[in-house]
Amino acid sequence: MSEDHKMTKKDKQVLTITLALIFFGVFALGFVGLIFNLAS
């Protein structure tokens, strides 16, 4: 890998936040779906 592909601290932060948002978004959707199914 060349020097261009080195991850800076900011890149890691953005990647972590993005992955966390995706994870919690999927988790929240699943949780809402579960509650919706139990309620009906």
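Quick look at the structure, then. (Residues numbered from 1 in each chain as written. Predicted model: local features only at pLDDT ≥ 70, side-chain atom pairs only at ≥ 80, totals over all residues. Heavy atoms only, no water.)

## A few points about the overall build of the protein
Filter applied, for reference: Under the DSSP-based scheme used, a helix requires at least four consecutive residues in state H or I and a strand at least two consecutive residues in state E, with every element numbered from the N terminus. Summary of the burial criterion: residues with accessible area below 20% of their type's maximum are buried, those above 50% are exposed, and those between are partly exposed, where the area comes from a 1.4 Å probe applied to protein chains only. Areas reported as accessible are Shrake-Rupley estimates using a 1.4 Å probe. Residue values count occlusion only from the protein chains shown.
Secondary structure assignment for the protein yields 1 helix and 0 strands. Taking the principal axes of the C-alpha coordinates as reference, the protein spans close to 55 × 15 × 5 Å. Across the 40 residues of the protein, 0% fall into the buried class. Accessible area of the protein: about 4,100 Å², with a carbon and sulfur share of 74%.

## Structural notes on a nonpolar patch on the surface
Selection criterion: A patch consists of residues exposed above 30% relative accessible area that lack any salt bridge, with like charges linked at up to 9 Å and nonpolar side chains (Val, Leu, Ile, Met, Phe, Trp, Tyr) linked at up to 5 Å. For this analysis, a salt bridge means a side-chain nitrogen from Lys or Arg found within 4 Å of a carboxyl oxygen belonging to Asp or Glu.
Judged by side-chain polarity, Phe23, Phe24, Phe27, Phe31, Leu34, Ile35 and Leu38 come together as a nonpolar surface patch covering roughly 810 Å² of accessible area. One can find phenylalanine 23 in helix α1 (residues 9-39). What makes phenylalanine 23 exposed here is its relative accessible area of 53%.

## Structural notes on the environment of glutamine 13
As for its placement among the helices and strands, glutamine 13 is situated in helix α1. Each C-alpha atom of the pair glutamine 13 and leucine 29 lies 24 Å from the other, and the pair is 16 residues apart in sequence.

## Re α1
Just so we agree on the cut-off: A helix is expected to span 1.5 Å for every residue after the first.
If you check α1, its first and last C-alpha atoms are 44 Å apart, about what 31 residues at 1.5 Å a residue would give, namely 45 Å. When you tally the buried positions in α1, you get 0 out of 31 residues, a small fraction of the element.

## Quick look at the environment of lysine 9
Along the chain, lysine 9 turns up in helix α1. As for lysine 9 and leucine 29, which are separated by 20 residues in sequence, their C-alpha atoms are 30 Å apart.

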